[in-house]
Amino acid sequence: MTGSLQIKNNKYYVVLNVYEDNNGKLKRKAKWISTGLTVKGNKTRAQKILRETLAEYEQREADEAERRQHENDPSNMLLIDAVQQWFDSKTKVDEVTRQGYETLINSHIKPYFASKKTKLNEVDKDLLQAFINQKAKSGRLDGKGGLAPRSLKLLKNVLTQTLDKCVAEKIIPNNPCQFVELPTCERYQSNYYTTEQIDTLLGAIKDEPLYPLVRVTSVYGLRRSEVLGLRWCSVNFVNDTITIEHTIAKVKTVIAKDKTKNKTSRRTLPMTPEIKSLLQSLKSQQGENKEAYGNTYNDNDYVFVWEDGRPYSPDYVSRTFSHLLQKYGMPHIRLHDLRHSVASNLLNANYQLSDVSSYLGHSSIKTTADIYGHLDNRRKLGMAEALSGHSV
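Every value quoted in this text rests on a predicted model; they were computed, and no experiment measured them.

**Comments concerning the overall build of the protein chain**
Thinking step 1. Across its full length, the protein chain carries 14 helices and eight strands.
Thinking step 2. A compact globule built from 392 residues would reach a C-alpha radius of gyration of about 21 Å, whereas the protein chain, at 35 Å, exceeds it by more than 25%.
Thinking step 3. With respect to the three principal axes, the spread of C-alpha positions in the protein chain is 115 × 70 × 35 Å.
Thinking step 4. For the protein chain, the proportion of its 392 residues judged to be buried stands at 39%.
Thinking step 5. In the protein chain, the share of contacts with a sequence separation of at least 24, taken over all contacts with a separation of at least 6, comes to 58%.
Thinking step 6. Looking at the protein chain, you have 58 positive and 45 negative side-chain charges, and the mean spots of the two groups are 8 Å apart.

Set out below in structure tokens:
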């Protein structure tokens with residue numbers, strides 16, 4: 001910054017040489033600042049004002065340069081903005097996964113880090129660990145305790161992938177999320193019905209509209225998304241098979257897709273005579289309903305629908321199943337626990353983990369072992385008796 005004293009109308013003025021941006025080019029311009037001093041007897045005071053003004057404007061220029069450098073440094077980006085950029089880049093994930101990410105980000109990550117105005121260059125292991133610990137302790141939106149281990153794992157996954165992207169783009173030198181530890185949680189012990197309890201349940205709800213769906217679920221251990229996604233084109237009455245290849249799920253909205261949870265979830269199962277008869281009756285009833293409703297019938301290929309053809313929604317099925325258990329005085333379980341019941345009862349009937357894994361469409365036998373291995377008691381008992389000299 002340069003400047004000088006100039007006299008105008010018998011008064012001292014500080015004249016600074018400033019530069020302004022003119023369409024990308026710096027243009028010199030003289031800035032006149034009145035000292036308020038007349039010429040006579042005030043030269044020394046005017047020179048002092050010149051020095052002070054130059055110092056003031058030089059500091060302004062330095063502050064502005066620092067501000068611009070700060071704004072142009074990507075590591076000063078807010079963490080929540082980096083998370084949003086990562087989410088926006090995930091264009092190839094399926095819609096269920098994408099909605100799951102969006103829910104986690106908007107419900108947990110953004111509220112927590114937005115309030116702290118956390119920047120990328122402030123993120124460290126301790127800060128991320130504090131976030132996970134808080135969510136593990138009291139992260140549920142209904143205020144009833146901490147988030148489930150799976151949710152915590154997904155939160156860490158979102159942050160890890162976000163920071164990995166920042167490392168790849170050389171915005172930050174490393175990813176501290178790799179050092180964050182998830183809380184040690186006990187294995188989830190699911191509730192399940194014995195074969196006798198399933199028989200009791202089915203007998204009680206025999207005349208309820210949801211009976212066919214519950215019956216099919218109790219035989220094949222289908223996920224909710226799989227049983228709701230079952231279509232007539234996947235039911236082969238000639239070969240007596242049912243193919244699981246289409247799903248209906250809900251995170252924020254209901255999503256139908258020709259894709260199962262994983263590759264091994266796409267499977268073909270044998271149709272028992274009882275299930276064949278049940279489905280044939282259901283198809284015949286739908287034909288009658290279609291004729292009765294005429295043009296107002298919601299014509300689609302789904303197996304489990306309302307009288308007017310509208311497919312059951314995921315929320316309706318879960319809610320109604322719970323109400324049925326209350327209505328008939330049955331122990332509370334989730335609809336998904338019928339899947340656990342199938343697995344548990346098969347294992348207790350001496351079927352091997354590999355058989356159960358294939359039947360349920362798990363991604364690997366390890367998944368089956370992790371969830372249900374502790375239930376495989378009868379085979380373990382036989383092994384112990386064999387080694388102790390008793391007949392098996």
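**What to know about the layout of surface pockets**
Thinking step 1. Taken as a whole, the second largest pocket spans an internal volume of roughly 410 Å³.
Thinking step 2. Forming the walls of the second largest pocket are 15 residues, and the residues nearest its centre are Tyr19, Glu20, Glu61, Glu64 and Arg68.
Thinking step 3. Contributing elements (two or more residues each) for the lining of the second largest pocket: β2 (11–22), β3 (25–38) and α1 (43–72).
Thinking step 4. In terms of residue count, the dominant contributor to the lining of the second largest pocket is α1 (six residues).
Thinking step 5. Per-class residue counts for the lining of the second largest pocket are seven nonpolar, no polar and eight charged.

**Describing the nonpolar core**
Thinking step 1. Grouped together as the largest cluster of nonpolar side chains are 42 residues, with contacts concentrated most on Leu210, Val216, Tyr220, Ile275, Leu279, Phe304 and Phe321.
Thinking step 2. Where this core is concerned, the elements lending two or more residues are α6 (195–204), α7 (211–220), α8 (224–228), β5 (241–244), α9 (273–293) and α10 (314–327).
Thinking step 3. In terms of residues, this core owes the most to one element, α7, which gives six residues.
Thinking step 4. Look past the residues within four positions of Tyr220 in its chain and what remains in contact with it is Ile242, Leu269, Pro270, Met271, Thr272, Ile275, Tyr359 and Leu360.
Thinking step 5. If you look at the next biggest cluster of nonpolar residues, it comprises 29 residues, including Ile80, Phe113, Leu159 and Cys166.

**Re the packing of aromatic side chains**
Thinking step 1. Under the definition given, this model contains 10 aromatic pairs.
Thinking step 2. An aromatic cluster of at least three residues, connected via ring pairs, comprises Tyr112, Phe113 and Phe131.
Thinking step 3. Over the face of the ring belonging to Trp32 we find Lys8, whose NZ or CZ atom lies 5.4 Å from the ring centre.

**A few points about helix α2 (residues 79–89)**
Thinking step 1. Among the residues of α2, Leu79, Ile80, Ala82, Val83, Trp86 and Phe87 are the ones counted as buried. Buried residues of α2 fall within an arc of 160 degrees about the axis and therefore sit on the same side.
Thinking step 2. Check the buried side of α2 and you find it contacts α3 (95–116) and α5 (149–168).

**Observations concerning the environment of Ser313**
Thinking step 1. The residue Ser313 is located in the loop between α9 and α10 in this model.
Thinking step 2. When its relative accessible area of 31% is taken as the criterion, Ser313 is described as partly exposed.
Thinking step 3. A distance of 3.2 Å separates a polar atom in the side chain of Ser313 from the backbone nitrogen of Tyr316.

**Overview of the sheet that holds strand β4 (residues 235–236)**
Thinking step 1. Strand order in the open sheet formed by three strands is β4-β5-β8, and the pairing between neighbours is antiparallel. Looking at which strands have only one partner, the edges of the open sheet turn out to be β4 and β8 (267–270).
Thinking step 2. Strand direction decides the pairing type here: β5 and β8, joined by four bridges, are antiparallel. Bridge pairing in β8 places Thr241 opposite Pro270.

**Structural notes on the environment of Val123**
Thinking step 1. Structurally, Val123 is set in the loop between α3 and α4 (125–138).
Thinking step 2. Accessibility expressed as a relative area gives 12% for Val123, which makes it buried.
Thinking step 3. Separated by 49 residues in sequence, Val123 and Ile172 have C-alpha atoms that sit 9.6 Å apart.

**Quick look at the pattern of salt bridges**
Two side chains carrying opposite charge are able to pair once their charged atoms lie near each other.
Thinking step 1. In this structure the tally under the stated criterion is 13 salt bridges.
Thinking step 2. A salt bridge links Glu169 to Lys165; its shortest N-O distance comes to 2.9 Å.
Thinking step 3. Since its relative accessible area comes to 22%, Lys165 is described here as partly exposed.
Thinking step 4. Overlapping salt bridges, with partners in common, bring together Arg223, Glu226 and Arg267 in one network.

**Topic: the side chain of Asn42**
Thinking step 1. Here Asn42 shows up in the loop between β3 and α1.
Thinking step 2. The buried category is assigned to Asn42, whose relative accessible area is 12%.
Thinking step 3. Engagement of the side chain of Asn42 in a polar contact is seen with the backbone oxygen of Thr38, the distance being 3.0 Å.
Thinking step 4. For Asn42, the residues in contact, after removing those within four places along its chain, are Tyr12 and Leu37.

About the cut-offs
Residues numbered from 1 in each chain as written. Predicted model: local features only at pLDDT ≥ 70, side-chain atom pairs only at ≥ 80, totals over all residues. Heavy atoms only, no water. Helix = DSSP H or I, 4+ residues; strand = E, 2+ residues; numbered from the N terminus. Rg over C-alpha atoms; globule rule 2.2 N^0.38 Å. Buried < 20%, exposed > 50% of the residue type's maximum accessible area, 1.4 Å probe, protein only. Contact = heavy atoms within 4.5 Å. Lys, Arg positive; Asp, Glu negative; His and termini not counted. Charge placed at Lys NZ, Arg CZ, Asp CG, Glu CD. 1 Å grid on protein atoms, 1.4 Å probe; cavity = no way out; pocket = protein on both sides within 12 Å on 5 of 7 lines; lining within 4 Å. Points joined across faces, edges and corners; volume = space filled by probe spheres on them. Nonpolar A, V, L, I, M, F, W, Y, C, P; charged D, E, K, R; others polar. Core = buried A, V, L, I, M, F, W, Y, C linked by side-chain atoms within 4.5 Å. Phe/Tyr/Trp six-rings, centres within 6.5 Å; stacked < 30°, edge-to-face > 60°. Lys NZ or Arg CZ within 6 Å of the ring centre and 35° of its normal. Arc of directions from axis to C-beta. Polar contact = N/O pair within 3.5 Å; in protein donor to acceptor, adjacent residues only side chain to side chain. Pairing = 2+ DSSP bridges. Salt bridge = Lys/Arg side-chain N within 4 Å of Asp/Glu carboxyl O.

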